[in-house]
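Given next are the chains, with one letter for each unit.
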Amino acid sequence: MRYSALSIVREAFSGNRNWKPAWREPEPKPHYDVIIVGGGGHGLATAYYLAKEFGVTNVAVIEKGYLGSGNIGRNTTIIRSNYMLEGNEPFYELSMTLWEGLEQDFNFNAMVSQRGIVNLFHSDGQRDSYARRGNAMKIHGVDAELLDREQVRKMMPYLNFEHARFPILGGLHQKRAGTARHDAVAWGYARGADSRGVDLIQHCEVTGIRRDADGHVLGVETTKGFIGCGKLALATAGNTSLTGRMAGLELPIESHVLQAFVSEGVKPVIDNVITYGAGHFYISQSDKGGLVFGADIDYYSSYAQRGNLATVEHTIEEGVSLIPGLSRLRVLRAWGGVMDMSMDGSPIIDKTPIDNLYLNCGWCYGGFKATPASGFCFAHLIARNEPHHVARLLRLDRFRRGFAVDEGGKGPQPNLH
């Protein structure tokens, strides 16, 4: 339906009583083939692909808050596939490919903007490391270009080239990377899943997991009563250690706060995504003009969606050392997401030792960019009981077996020696 400016104003004053909701608000059924705990990007994408690609529609997504109230709405919106290891590069490239067709796929404007990303390097050793990563990307058919100092200066003259503590020597450029509108990604997947019969149950907290005498999962205890299921999938990001413990699982993850910030709106100045190789700072400019940036996690375990002032100071210091002009801007707002940090920096998409319990966690800094591939591969695992080939190394038992996918999820790694 098309709306005129006058009709939109009229609806706003009427409380939107004539607008059709984007998805239903169903009461939970007694039993589902699949229950997905977590109504964020990964949970919603999993439900969407279960229904669309695998024909599994008797599915419920259970969310303790509102859809998209977790990390999908609390990130810096970066999408990229510039990884190196076999366990990560094909996976994130699948995600990048899905991003490129996502809006046409679920018929919703997610504002996918392939503006490119440049990972800056500041030493000879880091140049060699980034060249290796770029070569690994090319081996997997992914675009990568190693830029020298003058190429970076021409592209981004506002960076600190003259008096930097860590001089900029060049960067690794992936042109297909960029950003997407995080909220719209959640809304698009939610609308698509709902239209295919998936029940999206909001404001329904899971308080326990019921199992039979043999240990099989029977369903979940919730604030809306018991809901039975044939298969249970956990996609609860920073709360995975809590939901996993309900089933008796002790998982190789820790939860930490990651803060992000946005400045006041300014005229277009940064037309790509930049990461700082001498620290862990990343920045882009939103379509509204605000500069969106972040840095390191707060180095203590927490389930809170807020951080502390020490990390705020650390982030601003890194940003100003890279882009001196940032010192003249005001920070408009800040927020925090709860990161489930795995021990090797790579995610887990796998069946658990409990036959009908499935796990999606350990996303570290990479959760948003992975949303499409995570949902697709998790749906594949649930529907077919076997991993998708690009996620076959992202096993839960890899730490016990000594097969870690040892690549920090934050992307740029300081390597100045």
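Here, every reference points to the structure presented above.
Residues numbered from 1 in each chain as written. Predicted model: local features only at pLDDT ≥ 70, side-chain atom pairs only at ≥ 80, totals over all residues. Heavy atoms only, no water.

**Q** Explain the packing of helix α2 (residues 41–54) against helix α6 (residues 182–195) to me, please; I cannot follow it from the model alone.
**A** Helix packing for two helices is described by the angle between their axes and how far apart those axes are. Two elements in contact, α2 and α6, have axes separated by 8 Å at closest approach and are oriented at 35°. In terms of crossing hand, the pair formed by α2 and α6 is left-handed. Contact with α2, carried on its side by L44, A45, A47, Y48 and Y49, involves A186, Y189, A190, G192 and A193 of α6 and no other residues of that element. Residue classes in the contact of α2 with α6 are distributed as nine nonpolar, one polar and no charged. (Axes fitted to C-alpha atoms, helices over the stretch in contact; angles between N-to-C directions. Helix = DSSP H or I, 4+ residues; strand = E, 2+ residues; numbered from the N terminus. Left-handed = near helix turned anticlockwise from the far one by under 90°. Contact = heavy atoms within 4.5 Å. Nonpolar A, V, L, I, M, F, W, Y, C, P; charged D, E, K, R; others polar.)

**Q** Explanation requested: unusual backbone geometry in the structure shown.
**A** In most cases, non-glycine residues show a negative phi, while peptide bonds are predominantly trans. The phi torsion at T77 lies on the positive side, around 70°, for a residue other than glycine. Here T77 shows up in the loop between β2 (59–62) and β3 (78–79). Classification of T77 by relative accessible area gives buried; the value is 15%. In this model, C364 sits at a positive phi of 50°, which is unusual for a non-glycine residue. (Buried < 20%, exposed > 50% of the residue type's maximum accessible area, 1.4 Å probe, protein only.)

**Q** Sorry if this is basic, but what is going on with the packing of aromatic side chains here?
**A** Centre-to-centre distance and the angle between the planes together describe a pair of aromatic rings. One pass over the structure, following the stated rule, counts 15 aromatic pairs. Arranged with centres 6.1 Å apart and planes meeting at 55°, the rings of F54 and F376 form a pair that is tilted. Linking F54 in helix α2 with F376 in helix α9 (residues 371–384), this pair joins segments that are 322 residues apart in sequence. You'll find F54 and F376 in the same group, each marked buried. Ring centres 4.1 Å apart and planes at 5° place the aromatic pair Y83 and Y92 in the stacked group. For Y83, a relative accessible area of 2% corresponds to the buried category. Judged by its relative accessible area of 2%, Y92 falls in the buried class. Positioned above the aromatic ring of Y130, the side-chain terminus of R133 is 5.2 Å from the ring centre. (Phe/Tyr/Trp six-rings, centres within 6.5 Å; stacked < 30°, edge-to-face > 60°. Lys NZ or Arg CZ within 6 Å of the ring centre and 35° of its normal.)

**Q** Is there a simple way to explain helix α3 (residues 89–106) in this structure?
**A** Under the 1.5 Å per step criterion, the end-to-end length of α3 is 25 Å for 18 residues, consistent within 8% with the ideal 26 Å. Regarding α3, the residues found buried are E89, F91, Y92, E93, L94, S95, M96, W99, L102 and F106. With its phi angle positive at about 55°, N107 sits one or two positions after the end of α3. (Expected span 1.5 Å × (residues − 1).)

**Q** I tried to follow the sheet that holds strand β12 (residues 253–263) on my own but got confused; where do I start?
**A** As a general point, the strands of a sheet are linked pairwise by backbone hydrogen bonds and lie either parallel or antiparallel. Spatially, β5-β6-β4-β13-β14-β15-β12-β16 is the arrangement adopted by the eight strands of the open sheet, whose pairing is mixed. Here the strands that pair on one side only, and so sit at the sheet edges, are β5 (145–148) and β16 (331–342). Direction aside, the axes of adjacent strands within the sheet are offset by 25° on average. Direction of pairing for strand β13 (residues 273–276) relative to strand β14 (residues 281–285): antiparallel, over a ladder of three bridges. When the sheet's bridge partners are listed, Y276 is paired in β14 with F281. Along the sheet, helix α4 (residues 124–139) makes contact with β4 (117–121), β5 and β6 (170–174), crossing β4 at roughly 150°. (Pairing = 2+ DSSP bridges.)

**Q** Even after reading the chapter, I still don't get the nonpolar core, so can you show me in this structure?
**A** Side chains that are nonpolar tend, in soluble globular proteins, to be buried together. Judged by nonpolar contacts, the single largest core of 54 residues is most densely connected at I36, F91, W99 and Y189. Where this core is concerned, the elements lending two or more residues are β1 (31–37), α2, β2, α3, α6 and α9. Aside from chain neighbours lying at most four places away, what touches Y189 is L44, A45, Y48, Y49, L102, F106, T371 and P372. By size, the runner-up hydrophobic cluster in this structure holds 25 residues, among which are I35, C229, L234 and C361. (Core = buried A, V, L, I, M, F, W, Y, C linked by side-chain atoms within 4.5 Å.)

**Q** Would you mind going over the side chain of T315 with me for this structure?
**A** Checked against the element boundaries, T315 lands in helix α8 (residues 309–322). One polar contact links the side chain of T315 to the main-chain carbonyl oxygen of T311, over a distance of 2.8 Å. With residues up to four places along the chain from it excluded, the contact list for T315 reads F261, F281, F293, G294 and A295. (Polar contact = N/O pair within 3.5 Å; in protein donor to acceptor, adjacent residues only side chain to side chain.)

**Q** Help me understand the pattern of salt bridges in this model?
**A** For side chains of opposite charge, pairing can occur when their charged atoms come near one another. The full count for this structure, using the stated rule, is 20 salt bridges. Here R153 and E150 are joined by a salt bridge, their closest N and O atoms 3.6 Å apart. Linking R153 with E150, this pair stays in helix α5 (residues 149–155), spanning three residues, or about one helical turn. Assessed through its relative accessible area of 25%, R153 is described here as partly exposed. For E150, a relative accessible area of 47% corresponds to the partly exposed category. Linked through salt bridges whose partners overlap, the residues forming this network are E93, E100, D143 and R176. (Salt bridge = Lys/Arg side-chain N within 4 Å of Asp/Glu carboxyl O.)

**Q** Explain the environment of A404 here, please?
**A** Position of A404 among the secondary structure elements: in the segment after α10 (398–401). A relative accessible area of 45% means that A404 is categorised as partly exposed. Placed 271 residues apart in sequence, A404 and R133 show a C-alpha to C-alpha distance of 18 Å. The contact partners of A404, leaving out residues within four places of it in the chain, are D344 and R398.

**Q** Could you clarify how one ought to interpret the packing of α3 against α6 in this entry?
**A** It is at 10 Å that the axes of α3 and α6 come closest, and there the two elements cross at 45°. Our classification of the angle between α3 and α6 gives oblique. Handedness of the crossing formed by α3 with α6: left-handed. Contact with α3, carried on its side by W99, L102 and F106, involves V185, G188, Y189 and R191 of α6 and no other residues of that element. (Parallel < 35°, antiparallel > 145°, perpendicular 65-115°, else oblique.)

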